[in-house]
Amino acid sequence: MNRPAPSFTSKATSVTAGSVARRETRATTGVAGTLRALDVRPSRRLGQNFLSDPRVAERIAALALEGDDAAAPGASAPPAPGPILEIGPGLGALTEHLAASGRPFVAVELDLRLAEHVESLLRPYPNARVVRGDILDQGLDALLPGSEPVTVVANLPYVITSPAIAWVLEQGPRVTRAALMTQREVAQRLAAKPGTKEHGSFTVFLALHAALRIEFRVSPGAFHPRPDVDSVVFTVIPRPYPGTTAAERSAVERIVRAATGGRRKTLANSLGHGLDIGAEKARAVLTRAGVDPGRRAETVSVEEWIAVARAEGGTG
Ligand code: SAM
């Protein structure tokens, strides 16, 4: 980078000195300063884009702590406040807001250097603790024993967005709400409409088990280091797809996996191959379900997949 040429006028010198002082202040405070004090370089592999805008942190924490449950179709009342689980507390941008609620709180952090830092932040909160490890290796009941409903909060490392959401949904009915953030493109895939190129098997899986609502957008300037793209905060309210049984939902998952695994273009071919029943039988199942066998898998809606599962008859 080109440095500005030194100036020898007293006015300009004082401006230069001031700007140096400002730069030093920046380097010793905020996210950059904390990273420097901890001697930590952000890891791309661990998705370490730390939230540096306190207003965004407050907004996410408020969404997790107070959010209404309008996104949950059929939900009769908001769940009672219960324990909170934070995935990847990092430098603690969200952590103290959550721990200060007084609710039982656990944060799971894979980076041991950051886990130690967050542990020191949490010392004043007897309700809070840090677990070192990979969230995907944990079980909710070991992290937060009991039966109270749990809220999950995370600025997700975007590399594990889908596995982390699948983890949340696999923990069973105890998780009643998740307030999450990830890159905008990734969130758009999660909420994609059938027929768009973002609509995939994970979109269907998610819709079967949860209602998702996009809440607000966050610009790259709210993070350090600054990512290339916008992020999005969204809520996930786990619930079974209305009107379906557990057997139907697992049949849909099996069928969607079978139909989207290969490169075959039409549903009849991909399903016939994936289910090992041949294109003719697949065509018959699809026709019984009212789904055109010549369509492509990514155009099929959740309701239509449910109809296919019922027509296939393998729903127990
Ligand atoms: N919550 C902090 C914030 O908002 O500034 C940090 C968010 S940063 C996007 C993601 C955090 O998740 C990092 O601290 C990273 O070390 C941690 N992390 C990455 N993979 C993880 C995993 N598998 N399990 C738990 N934590 C993980």
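Residues numbered from 1 in each chain as written. Predicted model: local features only at pLDDT ≥ 70, side-chain atom pairs only at ≥ 80, totals over all residues.

Asker: Mind laying out the overall build of the chain, listing which residues take part and the relevant values?
Answerer: When you go through the chain residue by residue, the secondary structure sums to 13 helices and 9 strands. Of all intrachain contacts in the chain linking residues separated by at least 6 positions in sequence, the fraction that spans at least 24 positions is 62%. (Helix = DSSP H or I, 4+ residues; strand = E, 2+ residues; numbered from the N terminus. Contact = placed C-beta atoms within 7 Å.)

Asker: If you had to explain unusual backbone geometry to someone new, which residues and values would you point to?
Answerer: His224 connects to Pro225 through a cis peptide bond whose omega is -10°. Of note, Pro225 is situated in the loop between β8 (223-224) and β9 (231-238). The backbone of Asp39 shows a phi angle near 60°, a positive value even though the residue is not glycine. Relative to the elements of secondary structure, Asp39 occurs in the loop between α2 (30-38) and β1 (50-51). Given 7 C-beta atoms within a 10 Å radius, Asp39 is considered exposed. Phi angles above zero are rare outside glycine, and Asp276 is one such case at about 60°. As for its position among the elements, Asp276 is in the loop between α11 (267-274) and α12 (278-289). (Buried ≥ 20, exposed ≤ 12 C-beta atoms within 10 Å, placed from the backbone.)

Asker: Can you explain the pairing of β9? Please cite residues and give values.
Answerer: β9 sits mainly inside the fold: 8 of its 8 residues count as buried. As paired strands, strand β6 (residues 175-183) and β9 are joined by 6 bridges and run antiparallel to one another. Bridging from a neighbouring strand, Leu180 pairs with Phe234 of β9. Examined bridge by bridge, strand β7 (residues 210-218) and β9 share 8 bridges and lie antiparallel to one another. By the bridge assignment for β9, Arg213 is matched with Thr235. (Pairing = 2+ DSSP bridges.)

Asker: Would you mind going over the packing of helix α9 (residues 201-209) against helix α10 (residues 246-260) in detail, with residue names and values included?
Answerer: The contact between α9 and α10 brings their axes to 10 Å, and the two run at 175°. If you check the angle between α9 and α10, you find them roughly antiparallel. Residue-level contacts link Ser201, Val204, Phe205 and Leu208 of α9 to Arg249, Val252, Glu253, Val256, Arg257 and Thr260 of α10. Looking at side-chain class alone, the contact of α9 with α10 contains 5 nonpolar, 2 polar and 3 charged residues. (Axes fitted to C-alpha atoms, helices over the stretch in contact; angles between N-to-C directions. Parallel < 35°, antiparallel > 145°, perpendicular 65-115°, else oblique. Nonpolar A, V, L, I, M, F, W, Y, C, P; charged D, E, K, R; others polar.)

Asker: Summarise the site of the ligand; cite the residues concerned and give the values.
Answerer: Within the structure, the ligand sits among 24 residues, and Leu51, Gly88, Gly90, Asn155 and Pro157 are positioned closest to it. If you list the elements that add at least two residues to the shell around the ligand, you get β1 and β3 (105-109). Residue composition of the shell around the ligand, by class: 15 nonpolar, 6 polar and 3 charged. (Near = placed C-beta within 6 Å.)

Asker: I'd like a rundown of the sheet that holds strand β4 (residues 128-132), residues and numbers included.
Answerer: Sheet architecture is open: 7 strands sit in the order β4-β3-β2-β5-β6-β9-β7, paired in mixed fashion. Every interior strand has two partners, whereas the edge strands, β4 and β7, have only one. Shown here is a sheet whose adjacent strand axes are inclined to one another by a mean of 20°, direction ignored. Sheet topology note: the β3/β4 ladder contains 5 bridges and is parallel. Pairing of Glu109 across the sheet is with Arg132, part of β4.

Asker: Can you break down the confidence of the model for the chain residue by residue, with the values?
Answerer: Any residue range with low pLDDT should be treated as having predicted coordinates unsuitable for detailed reading. Taken residue by residue, the chain gives an average pLDDT of 87. The fraction at 70 or more is 86%. pLDDT under 50 marks residues 1-26. Its contacts with residues more than four places away, or in other chains, come to 4 contacts. (pLDDT = per-residue confidence, 0-100.)

Asker: Explain the nonpolar core to me, and be specific about the residues and the numbers.
Answerer: Counting 78 residues, the largest nonpolar core has Ile60, Val152, Ala164, Ile255 and Trp305 as the members making the most contacts within it. Those residues in contact with Ile60 that lie beyond four places of it in its chain are Leu94, Ala179, Met181 and Val233. (Core = buried A, V, L, I, M, F, W, Y, C linked by C-beta atoms within 7 Å.)

Asker: An account of the environment of Glu170 is requested, with residue identities and associated values reported.
Answerer: Summarising the element assignment, Glu170 is placed in helix α7 (residues 161-170). On the basis of neighbour counts, which here come to 13 C-beta atoms within 10 Å, the residue Glu170 falls in the partly exposed class. Separated by 31 residues in the primary sequence, Glu170 and Gly139 have C-alpha atoms spaced 9.5 Å apart.

Asker: Describe the packing of α10 against helix α13 (residues 302-312), and please don't skip the residues or the numbers.
Answerer: Contact pair α10 / α13: the axes reach a minimum separation of 9 Å and the direction vectors enclose 100°. On the basis of their axis angle, the class for α10 and α13 is roughly perpendicular. Between α10 and α13, the residues in contact are Glu248, Ala251, Val252, Ile255 and Val256 and Trp305, Ile306, Val308, Ala309, Arg310 and Glu312, respectively. Of the residues assigned to the contact of α10 with α13, the class counts are 8 nonpolar, no polar and 3 charged.

Asker: Describe the environment of Thr287, and please don't skip the residues or the numbers.
Answerer: The topology assignment puts Thr287 in helix α12. The exposure class assigned to Thr287 is partly exposed, which follows from the 13 C-beta atoms found within 10 Å. Note: C-alpha distance between Thr287 and Ala268 (19 residues apart in sequence) is 9.7 Å.

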